[in-house]
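Commentary on secondary and tertiary structure
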Amino acid sequence: DWTQEVAPKHYISDGSIDHWATLEETLEGNGDDCDGLSAPPYNALIMKGFPSNQIYYGLIRNKYNGSHHMVTFWFDKSDDPYVIDSVGTASNGLKRMSDVKDWQPLRIFSEERDYLITPIPSH
């Protein structure tokens, strides 16, 4: 809730060329777009002692209009992570990815791991 309250004051669009900002760049520039604004919660969870194999950045895609968005994922003990959406584009509050119906994950990554998500065709 706090990140979604603060993010509008620090949202700065990248314009036509998307740049995935680091935490340092986001802090130095006093803001960024969704990728830079996902860095503070990601780093805060790691600094608070959450296991690094549970916290990831998530690149998600809107199923209907194809737009992309960056969030933070917390895989607590499930294959259905919590979505921490700093700017509230895909989700308000803390929800499971399965509850964010219009969006699907494309890539999940951290400083140590990187996964591309390939949808399994339904039969």
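I will try to describe carefully the structure that is included in this document. (Residues numbered from 1 in each chain as written. Predicted model: local features only at pLDDT ≥ 70, side-chain atom pairs only at ≥ 80, totals over all residues. Heavy atoms only, no water.)

**A closer look at the environment of N53**
Tracing the sequence through the fold places N53 in the loop between α4 (39–47) and β1 (55–62). Its relative accessible area of 44% is what places N53 among the partly exposed residues. (Helix = DSSP H or I, 4+ residues; strand = E, 2+ residues; numbered from the N terminus. Buried < 20%, exposed > 50% of the residue type's maximum accessible area, 1.4 Å probe, protein only.)

**Some remarks on the pairing of strand β5 (residues 103–109)**
Pairing of β1 with β5, which is carried by six bridges, proceeds in the antiparallel orientation. For Y57, the partnering residue across the bridge sits in β5 and is F109. In this sheet, strand β6 (residues 114–116) lies alongside β5 in antiparallel orientation, the contact comprising three bridges. Bridging across to β6, I108 finds its partner in Y115. Connecting β5 to the next strand, β6, in antiparallel fashion are four residues. (Pairing = 2+ DSSP bridges.)

**With respect to the sheet that holds β1**
Taken together, the six strands give an open sheet; going across it, the order is β4-β3-β2-β1-β5-β6, and neighbouring strands pair in antiparallel fashion. With partners counted over all chains shown, the strands left at the sheet margins are β4 (95–96) and β6, one partner each. Along the sheet face, α4 touches β1, β2 (68–74) and β3 (82–84) and points at about 150° away from the line of β1. (Contact = heavy atoms within 4.5 Å. Axes fitted to C-alpha atoms, helices over the stretch in contact; angles between N-to-C directions.)

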